[in-house]
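# Report on the structure
Okay, here's what each chain looks like letter by letter:
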Amino acid sequence: MESIPNPPEAGARYESDLWRRLLDPAYPLRREDLIRALDDMKRKMAEGAPEWTGLDRPRLLACFASYAELAMQLLRRPSLCGEDSEHLRTLLRNALP
């Protein structure tokens, strides 16, 4: 299976397609796609996107904890296997505002 392409003109629609795919249990998770999702979250937080700036501190810290755990899981595992997919999707869902 090929990684999701990243055309420069895709913009916000691409991001919503990416997230919809990553959160879909039928979609096979790929390391590259998860890294792109983490990068997207980092960029939105740094840019001060309203969905992030409107969070209260406890929720923001909970999102960050899931973000950091997902990043650590990717560092520890060179490849993703089936039984990890649901755990990684849960971390991804929990990292979203």
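Definitions and limits used
Residues numbered from 1 in each chain as written. Predicted model: local features only at pLDDT ≥ 70, side-chain atom pairs only at ≥ 80, totals over all residues. Heavy atoms only, no water. Phe/Tyr/Trp six-rings, centres within 6.5 Å; stacked < 30°, edge-to-face > 60°. Helix = DSSP H or I, 4+ residues; strand = E, 2+ residues; numbered from the N terminus. Buried < 20%, exposed > 50% of the residue type's maximum accessible area, 1.4 Å probe, protein only. Expected span 1.5 Å × (residues − 1). Polar contact = N/O pair within 3.5 Å; in protein donor to acceptor, adjacent residues only side chain to side chain. Axes fitted to C-alpha atoms, helices over the stretch in contact; angles between N-to-C directions. Parallel < 35°, antiparallel > 145°, perpendicular 65-115°, else oblique. Left-handed = near helix turned anticlockwise from the far one by under 90°. Contact = heavy atoms within 4.5 Å. Core = buried A, V, L, I, M, F, W, Y, C linked by side-chain atoms within 4.5 Å.

### Quick word on the packing of aromatic side chains
Inspection of the entire model under this criterion finds one aromatic pair. Centre to centre, the rings of Phe-64 and Tyr-67 are 6.4 Å apart; their planes meet at 20°, and the pair counts as stacked. Note that Phe-64 and Tyr-67 are positioned in helix H4 (residues 57–76) at a spacing of three residues, about one turn of the helix. The exposure class assigned to Tyr-67 is buried, which follows from its relative accessible area of 17%.

### Details of H4
Given a rise of 1.5 Å per residue, 20 residues ought to cover 28 Å, and the 28 Å separating the end C-alpha atoms of H4 matches this to within 8%. A distance of 3.1 Å separates the backbone nitrogen of Arg-59 from a side-chain oxygen at the start of H4, and that oxygen is part of Asp-56.

### Section: the packing of helix H2 (residues 31–47) against H4
As a packed pair, H2 and H4 sit with axes 11 Å apart at the nearest point and diverge in direction by 150°. Overall, the two elements H2 and H4 adopt an arrangement that is roughly antiparallel. As for the relative orientation of H2 and H4, their crossing is left-handed in sense. Residues Arg-31, Leu-34, Ile-35, Leu-38, Met-41, Lys-42 and Met-45 of H2 form the contact with H4, whose participating residues are Tyr-67, Leu-70, Ala-71, Leu-74 and Leu-75.

### Some words on the nonpolar core
Formed by 20 residues in total, the largest nonpolar core has its most connected members in Trp-19, Leu-22, Leu-34, Leu-38, Met-41, Leu-70 and Leu-92. Looking at this core, the elements with two or more residues in it are helix H1 (11–23), H2, H4 and helix H5 (82–95). Setting aside anything within four residues of it in sequence, one finds Met-41 in contact with Trp-19, Trp-52, Tyr-67, Ala-95 and Leu-96.

### Focus: the environment of Asn-94
Mapped onto the secondary structure, Asn-94 falls in helix H5. Separated by 35 residues in the primary sequence, Asn-94 and Arg-59 place their C-alpha atoms 9.8 Å from one another. Not counting residues within four places of it along the chain, the set of residues in contact with Asn-94 comprises Arg-59, Ala-62, Cys-63 and Ser-66.

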